[in-house]
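Examining the three-dimensional arrangement
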Amino acid sequence: GDNGQGKTNLLEAIYLLATSKSFRSSRSAELLCRQPPAEQASVRAEIDEDGVRREQSVGLSGGLRVLRIDGARPRSSAAYAARTPIVVFSPSSLSLSMGSSGERRTLLDRVALYSNPASLAELGAYQRAVRERQRALDDRGEAARDLEEWEELVARHGREVMRARAAASRDVIEATKAAFSRIAPAGLEMNGRYAASAPDDESAFREALRANRSRDRRRGSATTGPHRDDPAL
C-alpha cells in the first residue's frame, strides 16, 4: 500500500491487542485519534488457538488501559501479555543494533516476559526502588535513614531482573547468530553476551550502591544496576 494509508496503524492495533502496549509509543494517550479528538478507544479480537477460541480486548481512556480476556480481567498485565506471544518487525527495529541500549533492554524484558512472566513485576519493583533511593539521596543526603532499606530492595529486585535478562539475552543471541550465519559473508561471525553493570551477589550489589551514594547524588541517577546493562554485540 501507499504511504500514509494506515498499514502501520493496523499492525500497531494487533500488537496492542496482544501485548497491551504499542511498539511506537510508551504513552497510551498517544494512541487515541486526534482528528477529530477522541477520549476513548478500544481494540477487540477473537483468537483461535488450536481450535480453542477466546476474545481479548484493550480499552483506552486517557492514560488508562482496561484489559479483558473473555470478558474477565486478567490476573495482571504480564499474564495478559504472555497469553498471545507476538513480535513485530518495523524500520525502527534497526535501532536494536544501532540505537541506544534502552531499546535492547526493552527487547530483553519482552522476551523474558514470555518465559518468566514474574520478571515484569520484578522490573517494576526495581524501578520504584531506584526512584525512591534517588529521591532520598536528593532530598535528605547520603545519611538518609531509609537508604539502606531502598538499597536492599534495589539489590534484591535488580538481581532478579539481571537474571531474567541474561537468560533472555542467551536465547536472543543464539537465534541471532543462526540468522546472521545465513545472510553474512563466509568467515564472518557474530557473537554477543549480556554485560551486567552490577554484581550478581546481592550483598556485593548493596555494597556497590552504598559506595556510590555520593557519586549518584551528584549525577542524579544510580551508577550501578540493570538500568545501565546492555547486550554487547
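The present account deals with the structure reproduced in this document. Just so it is clear, the structure is predicted and the values come from calculations on it, not from any experiment.

Thresholds, definitions, all that
Residues numbered from 1 in each chain as written. Predicted model: local features only at pLDDT ≥ 70, side-chain atom pairs only at ≥ 80, totals over all residues. Heavy atoms only, no water. Helix = DSSP H or I, 4+ residues; strand = E, 2+ residues; numbered from the N terminus. Buried < 20%, exposed > 50% of the residue type's maximum accessible area, 1.4 Å probe, protein only. Contact = heavy atoms within 4.5 Å. Areas by Shrake-Rupley, 256 points an atom, 1.4 Å probe, with all protein chains shown as cover. Expected span 1.5 Å × (residues − 1). Pairing = 2+ DSSP bridges. Axes fitted to C-alpha atoms, helices over the stretch in contact; angles between N-to-C directions. Patch = residues over 30% accessible without salt bridge, like charges linked within 9 Å, V, L, I, M, F, W, Y side chains within 5 Å. Salt bridge = Lys/Arg side-chain N within 4 Å of Asp/Glu carboxyl O. Lys, Arg positive; Asp, Glu negative; His and termini not counted. Charge placed at Lys NZ, Arg CZ, Asp CG, Glu CD. Parallel < 35°, antiparallel > 145°, perpendicular 65-115°, else oblique. Left-handed = near helix turned anticlockwise from the far one by under 90°. Nonpolar A, V, L, I, M, F, W, Y, C, P; charged D, E, K, R; others polar. Phe/Tyr/Trp six-rings, centres within 6.5 Å; stacked < 30°, edge-to-face > 60°. Core = buried A, V, L, I, M, F, W, Y, C linked by side-chain atoms within 4.5 Å.

1. Observations concerning the overall build of the chain
Broken down by element type, the chain carries eight helices and five strands. Counting helices and strands in the order they occur from the N terminus, the chain gives α-β-β-β-α-α-α-α-α-β-α-α-β. Taken over 233 residues, the chain has a buried fraction of 34%. For the chain, contacts bridging at least 24 residues in sequence account for 61% of all contacts bridging at least 6. Taken as a whole, the chain presents about 14300 Å² of accessible surface, with 50% of it coming from carbon and sulfur.

2. Observations regarding helix α4 (residues 101-115)
Over its 15 residues, α4 extends 22 Å from the first C-alpha to the last, a length consistent with the 21 Å expected when each residue adds 1.5 Å. Among the residues making up α4, those that are buried are R104, R105, L108, A112 and L113. The elements touched by buried residues of α4 are α2 (77-83), α3 (95-98), α5 (118-140), α6 (147-183), β4 (193-195) and β5 (230-232).

3. Brief notes about the sheet that holds strand β3 (residues 64-69)
Spatial ordering of the open sheet is given by β1-β2-β3, a layout of three strands whose pairing is antiparallel. Strands with a single pairing partner mark the edges of an open sheet, and in this sheet they are β1 (40-49) and β3. Neighbour-to-neighbour, the strand axes of the sheet open up by a mean angle of 15°, direction not taken into account. Strand direction decides the pairing type here: strand β2 (residues 52-61) and β3, joined by six bridges, are antiparallel. From the neighbouring strand, Q56 faces β3, where its bridge partner is I69. Each of β1 and β2 touches helix α1 (residues 7-19); the most contacted strand, β2, lies at about 105° to it.

4. What about a positive patch on the surface?
A contiguous patch of positive charge, built from R215, R218, R219 and R228, is present on the exposed surface. You can see R228 is positioned in the loop between α8 (213-219) and β5. On the basis of relative accessibility, which here comes to 39%, the residue R228 falls in the partly exposed class.

5. Some points on the packing of α6 against helix α7 (residues 202-211)
Two elements in contact, α6 and α7, have axes whose closest approach is 9 Å; the angle formed by their N-to-C orientations is 125°. Compared by their axis directions, α6 and α7 come out oblique. The hand of the α6/α7 crossing is right-handed. Of the residues in α7, those in contact with E151, E152, V154, A155, R156, G158, R159 and M162 of α6 are E202, F205, R206, L209 and R210. Across the contact of α6 with α7, the residue classes break down as five nonpolar, one polar and seven charged.

6. Let's talk about the packing of aromatic side chains
Per the counting criterion, the structure on display carries one aromatic pair. Each ring, one from Y15 and one from F23, has its centre 5.5 Å from the other, and the planes form 90°; the classification is edge-to-face. Each of the two residues, Y15 as well as F23, counts as buried.

7. Describing the nonpolar core
Among the nonpolar cores identified, the biggest contains 17 residues, and Y126, V154, M162, Y194 and F205 are the most heavily contacted of them. Counting only elements with at least two residues in this core, the list comes to α4, α5, α6 and α7. No other element matches the seven residues that α6 contributes to this core. Not counting chain neighbours up to four residues away, the residues in contact with V154 comprise Y126, A129, V130, R133, R159, F205 and L209. Listed in part, the eight residues of the second largest apolar core include L17, V58, L67 and I69.

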